[in-house]
Amino acid sequence: MTPLDILLEPLQYDFMVRALATTVVAAIVCALLSCWLVLVGWSLMGDAVSHAVLPGVVLAYVFGAPFALGALIFGLLAVALIGLIRGTSRVKEDAAIGIVFTTLFALGLVLISVTPSQADLSHIIFGNILGISDAEFVQILILAAVAFAVLLVRRRDLTLYAFDPTHAFAIGLSPRMLGALLLGVLALTAVVALQVVGVILVVAMLIIPGATAYLLTDRFGRMLVIAPVVSAAASVIGIYLSYWFDAASGGLVVLVQGVFFTLAYLFAPRQGIIGRRIAARRASRETGPRRDQGVSPASTRTSEP
């Protein structure tokens, strides 16, 4: 089998083409958002929202409503509850996040246990990329487009909020509103991703691409390009691997993203462990000959008669 056959054979099936398109769309919007989440330090918040949507999905299934609607409602509810507990009690943010997301996730598990049919719900927990229907694909496109548009239009304000919320307040912006906007987009994006990789692995798509790009560049503008490219590439590779090895698609997509992060962690030119060592050795080699060049002319002069 030639490399061309390896690339083209999966594309003969409509479900594979739909899976590739859906995963790439979700990967791009998740990667964009992950850049801000990494800078603000909201990795745990992404984990909370992604798990808190589970009861909404179950209730939507029970009442025959779209999964995305129930997930979005409970995602926004989780964000509101975290803010309420943090703002009206002595409980700190990390504790409030832990309380809300574990309670709502446990509620979802209880609802699953008492729901007569669990087939579709297990797909939500573990992902069902290869089973995405045309209606779900359209739904994901719409939600992803809304999240992408909000991030694109408000990118300057959100970036200023991530780097310096005090300066944002000084020029007339509301850090609280910007934070709420970012959390709302987080809930929306989590709904997009959970239909691809499931509730459990959503946080990986919301964090790993931004963390990888953060190691590869010092410029935020470049992060917004590197993260989606890396995430989309990992998605395509993961889907192809799942086809040829008959393995879990969502798990392989996230696993490839983890491999990309590991490579950046080790070999990034400035931030990678091995990359820093290589750069240090090059610097020492460059400084060594310069010192020799500075000494040798004087020594040759003194040796001349």
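Being a predicted model, the structure only gives us computed values, none of them experimental.

(A) Molecular detail of the overall build of the protein. Broken down by element type, the protein carries 14 helices and zero strands. Each helix and strand of the protein, placed in order from N terminus to C terminus, yields the pattern α-α-α-α-α-α-α-α-α-α-α-α-α-α. Once the C-alpha set of the protein is aligned to its principal axes, its extents read approximately 100 × 60 × 35 Å. In the protein, which comprises 305 residues, the proportion classed as buried is 42%. Counting only contacts in the protein whose residues sit at least 6 apart along the sequence, the fraction spanning at least 24 positions is 72%. Here the protein displays about 15,800 Å² of accessible surface, and carbon together with sulfur accounts for 66% of that area.

(B) Just the packing of aromatic side chains, in detail. In this structure the tally under the stated criterion is seven aromatic pairs. Ring plane angle 45° and centroid distance 5.7 Å describe the contact between Tyr13 and Phe15, whose orientation is recorded as tilted. Here Phe15 falls in the partly exposed class, since its relative accessible area comes to 32%. Here Trp36 and Phe220 contribute two aromatic rings whose centre-to-centre distance is 5.4 Å and whose plane-to-plane angle is 65°, an arrangement assigned as edge-to-face. Taken together, the residues span a long stretch of sequence, with Trp36 in helix H2 (residues 14-40) and Phe220 in helix H12 (residues 220-245) at a distance of 184 residues. The same class applies to Trp36 and to Phe220, which are both buried. Among the aromatic side chains, those forming a connected cluster through ring pairs are Tyr13, Phe15, Tyr243 and Trp244.

(C) Expanded view of the nonpolar core. If you look at the biggest cluster of nonpolar residues, it comprises 83 residues, and the most contacted ones within it are Leu33, Trp36, Leu186 and Leu206. At 23 residues, helix H11 (residues 175-216) tops the list of elements feeding residues into this core. Dropping the residues within four chain positions of it, Leu33 is found in contact with Leu151, Leu182, Val185, Leu186, Thr189 and Leu206.

(D) Just unusual backbone geometry, in detail. Of note, Asp246 is a non-glycine position whose phi angle comes to about 55°, a positive value. Within the secondary structure, Asp246 sits in the loop between H12 and helix H13 (249-267).

(E) Up close: the state of the cysteines. Applying the stated criterion across every chain, the model contains zero disulfides. Not engaged in a disulfide, the cysteine Cys35 finds its nearest cysteine sulfur in Cys30; these two sulfurs lie 11 Å apart.

(F) Looking closely at the pattern of salt bridges. According to the stated counting rule, one finds four salt bridges in the structure shown. Its salt-bridge partner being Arg18, residue Asp134 comes within 2.9 Å of it at the nearest N-O pair. Taken together, the positions of Asp134 in helix H8 (residues 134-153) and Arg18 in helix H2 put the pair 116 residues apart, joining distant regions of the chain. Of the residues examined, Arg18 reaches a relative accessible area of 21% and is grouped as partly exposed.

(G) Spotlight on the packing of H8 against H11. Their axes nearest at 10 Å, the elements H8 and H11 cross at an angle of 155°. With respect to H11, the axis of H8 lies roughly antiparallel. Seen from above, H8 lies across H11 with left-handed handedness. Two secondary-structure elements touch here, H8 through Glu136, Gln139, Ile140, Leu143, Ala144, Val146, Ala147, Val150 and Leu151 and H11 through Leu181, Val185, Leu188, Thr189, Val191, Val192, Gln195 and Val196.

(H) Examining the environment of Phe15 more closely. With respect to the helices and strands, the residue Phe15 is situated in helix H2. In the structure, Phe15 is positioned 238 residues away from Val253 in sequence and 16 Å away in space, judged by C-alpha atoms.

(I) Region of interest: the environment of Met223. In this fold, Met223 is placed in helix H12. For the pair Met223 and Gly210, spaced 13 residues apart in sequence, the C-alpha separation works out to 7.2 Å.

(J) View of helix H9 (residues 155-163). All of the buried residues along H9 are Leu158, Thr159, Tyr161 and Ala162. One face of H9 carries all of its buried residues, which in axial projection span an arc of 160°. Turned more than 90 degrees away from the buried face of H9, the exposed residues are Arg156 and Phe163. Residues of H9 that are buried make contact with H2, H8, helix H10 (165-170), H11 and H12.

Conventions and cut-offs
- Residue positions are given per chain, counted from 1 along the sequence in the order it is written.
- Given that this is a predicted model, residues contribute local features only at a pLDDT of at least 70 and side-chain atom pairs are listed and counted only at 80 or more, while totals for whole chains, interfaces and linings are drawn from all residues.
- Excluding hydrogens and water, the side-chain figures rest on all heavy atoms present in the structure.
- Comment: elements are numbered from the N terminus, with helices defined as DSSP H or I runs of at least four residues and strands as E runs of at least two.
- Per-residue accessibility, obtained with a 1.4 Å probe over protein chains only, is compared with the maximum for each type, and a residue is labelled buried under 20%, exposed over 50%, and partly exposed between these values.
- Only heavy atoms matter for contacts: two residues are in contact if any of them lie within 4.5 Å across the pair.
- Note on areas: Shrake-Rupley, 1.4 Å probe, and residue coverage restricted to the protein chains presented here.
- Pairs were defined over the aromatic rings of Phe, Tyr and Trp, the Trp ring being its six-membered one, requiring ring centres within 6.5 Å. Orientation was assigned from the angle between planes: stacked under 30 degrees, edge-to-face over 60, tilted for the rest.
- In this description, a nonpolar core means a group of buried Ala, Val, Leu, Ile, Met, Phe, Trp, Tyr and Cys residues linked to one another through side-chain atoms lying within 4.5 Å.
- For the purposes of this analysis, a disulfide is any pair of cysteine sulfur atoms at a distance within 2.5 Å.
- Salt bridges are defined as contacts in which a side-chain nitrogen from Lys or Arg sits within 4 Å of a carboxyl oxygen from Asp or Glu.
- Think of each axis as a best-fit line through the C-alpha atoms, taken over the contacting stretch in the case of a helix, with angles from 0 to 180 degrees between the N-to-C directions.
- We call two directions roughly parallel when the angle between them is under 35 degrees, roughly antiparallel when it is over 145, roughly perpendicular when it lies between 65 and 115, and oblique otherwise.
- By definition, any crossing whose near helix is turned counterclockwise from its far helix by less than a right angle is left-handed, and any crossing with a clockwise turn is right-handed.
- This arc is built from the directions going out from the helix axis to the C-beta atoms.

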